[in-house]
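# Coordinate analysis (summary)
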Amino acid sequence: MDVELDEIEWLIGPDGLALLAEVTRRRDRDEPELRVLEDLRTRGGDRRRAALLLDAAEARRRARERWPDAERIVLLRSALEQASDPAVAARRARRFVDAAGPVYDLCAGIGGDSLALAEAGVEVVAVDQDAARLRLLEHNARVRGVDVRTRVGDVRQIARPAGSWVHADPGRRQGDRRLRRLGEYQPPVPELLAAHQDAHGVGVVLSPAVDLHDPDLPDGEVEFLQVGQQLTEATVWLGAARDGEALASATLVPHGDRLVRRGPPVPPQLGDPGRYLVSVAPAAVRARLHDDLARQLGARRLSLARSLLTSDDRPPASPWYRTRWIEVILPLRPRVVKAWLRSADELPLEIAVHGLEADPQRWWQELGRPPRGPVGRRLDLVRTESGGMAVLSTAEDRSPGPG
Ligand SMILES: C[S@@+](CC[C@H](N)C(=O)[O-])C[C@H]1O[C@@H](n2cnc3c(N)ncnc32)[C@H](O)[C@@H]1O
């Protein structure tokens, strides 16, 4: 919902905060939204304030998993959906700790990044065109015990000292639509960069699906950040914020393991399936570092079109890939796979499709099995140069012994 500044002032005042805690408790007990809403209104609350409380309560409930102080800070659903993951923001903030003078956090929203920067000891000026969001940011900074200065305005017009550092997180959604091209971001990335050409170091948050051939992507280091197995965000680093001459990098959050590419991607090497199937972490694949890893492991690609690797020897344990033991390679024919499964020991099965048109539902039907979760045996349907193959594999610890 669109919120006015005076409504935020009320929400972060004593009455609003007390009611927010109450509404959150009632929603935690599964009281229907409509009943809570009606009750608030019969107690004299106006319709907009009641809707605002429900929105903030829902945001608080959703934020709990990732924001340890969700019970104390105040968020709104639409702003939370756009906010940076706190662990990613904390990792990104590290690049700014040596910045001289204040860092300008442009498109600061409710402050996912500004708060992380301030907590890393950086002096922050947070800029956004949305005064209500900045008011929430100020409140949350006070709750956290950090200082963040705020300025309402268009980030393309904001004046700042030449040579200062800039962090920017332009909007990447329009309604429900995700904006893919940098020229469509809000504000467009080329306009943002043109207005801040003199910044000493710059980091711009991008979609993890960023097209590396996007004509508006500036020459710099594109970092892909992964939380758990999830590719979460990308950032393009420029000037002093770039890691030397790095072109791309992959970072695992929160522990911070990092791989860096400083030249063109290593050419892929293709080969027959070996004893092991190696799935590389998505951040490393997006940074086009998987063929580098393959070379280090003595592994090769199963297909030029896909990132799956295979090796004869068991690769050492690493956070950068997951290894499975290949039981058998079969043609892409459900009947053949079904016959093989009948002859094998009974294990839950999952299906993964790599670059094929294959419909997993049809495969489940033809195999005569219900879909099952990611434990036990996996059937990878892989597009290859000669058509495709079905790879059956199990978790590494079921393999017959060191390769
Ligand atoms: C992705 S959100 C920022 C999220 C923020 N980094 C966080 O973690 O909470 C994008 C923000 O850009 C702001 N914005 C979009 N266009 C703007 C412009 N031209 N000037 C200032 N702010 C703008 C929106 O109001 C929105 O809050």
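Refer to the preceding data block for the structure.
Residues numbered from 1 in each chain as written. Predicted model: local features only at pLDDT ≥ 70, side-chain atom pairs only at ≥ 80, totals over all residues.

### Structural notes on the sheet that holds strand 1 (residues 103-106)
Backbone hydrogen bonds hold the strands of a sheet together, and the pairing may be parallel or antiparallel. Pairing is mixed in the open sheet, where nine strands are placed in the order 3-2-1-4-7-9-8-10-11. At either margin of the open sheet sits one strand with a lone partner, and together these are strand 3 (149-152) and strand 11 (258-261). The average undirected angle you get between the axes of adjacent strands in this sheet is 20°. Note that strand 8 (residues 221-227) and strand 10 (residues 248-253) share six bridges and pair parallel. Each bridged residue has a counterpart across the sheet, and for Val 227 the counterpart in strand 10 is Val 253. (Pairing = 2+ DSSP bridges. Helix = DSSP H or I, 4+ residues; strand = E, 2+ residues; numbered from the N terminus. Axes fitted to C-alpha atoms, helices over the stretch in contact; angles between N-to-C directions.)

### Overview of helix 6 (residues 86-93)
Among the eight residues of helix 6, seven are classified as buried, and the element is accordingly described as predominantly covered. The complete set of buried residues in helix 6 reads Pro 86, Val 88, Ala 89, Ala 90, Arg 91, Arg 92 and Ala 93. Residues of helix 6 that are buried make contact with helix 7 (112-119), strand 7 (201-206), strand 8, strand 9 (230-239) and strand 10. (Buried ≥ 20, exposed ≤ 12 C-beta atoms within 10 Å, placed from the backbone. Contact = placed C-beta atoms within 7 Å.)

### Notes on the site of the ligand
Close to the ligand lie 22 residues; Ala 83, Cys 107, Gly 109, Gly 112 and Asp 169 are nearest. Class assignment for the residues of the shell around the ligand results in seven nonpolar, eight polar and seven charged. (Near = placed C-beta within 6 Å. Nonpolar A, V, L, I, M, F, W, Y, C, P; charged D, E, K, R; others polar.)

### A look at the sheet that holds strand 14 (residues 309-311)
In space, the seven strands of this open sheet follow the order 13-14-12-15-18-17-16, with mixed pairing throughout. Of all the strands in the sheet, the pair left with one neighbour each is strand 13 (300-301) and strand 16 (349-354). Relative to strand 14, strand 12 (residues 276-280) is paired through three bridges, and the arrangement is antiparallel. Note that in strand 14 the partner of Val 278 across the bridge is Leu 309.

### Some remarks on the packing of helix 6 against helix 7
If you want to describe how two helices pack, look at the angle between their axes and the distance between the axes. Closest axis-to-axis distance for the helix 6/helix 7 pair is 8 Å, and the angle between their directions is 50°. Judged on the interaxial angle alone, helix 7 and helix 6 are oblique. The chirality of how helix 6 crosses helix 7 is right-handed. Side by side, helix 6 and helix 7 meet where Pro 86, Ala 89, Ala 90, Arg 92 and Ala 93 of the first sit next to Gly 112, Asp 113, Ala 116 and Leu 117 of the second. Its residues assigned to classes, the contact of helix 6 with helix 7 shows six nonpolar, one polar and two charged. (Parallel < 35°, antiparallel > 145°, perpendicular 65-115°, else oblique. Left-handed = near helix turned anticlockwise from the far one by under 90°.)

By themselves, these are just geometric observations and shouldn't be taken as functional.
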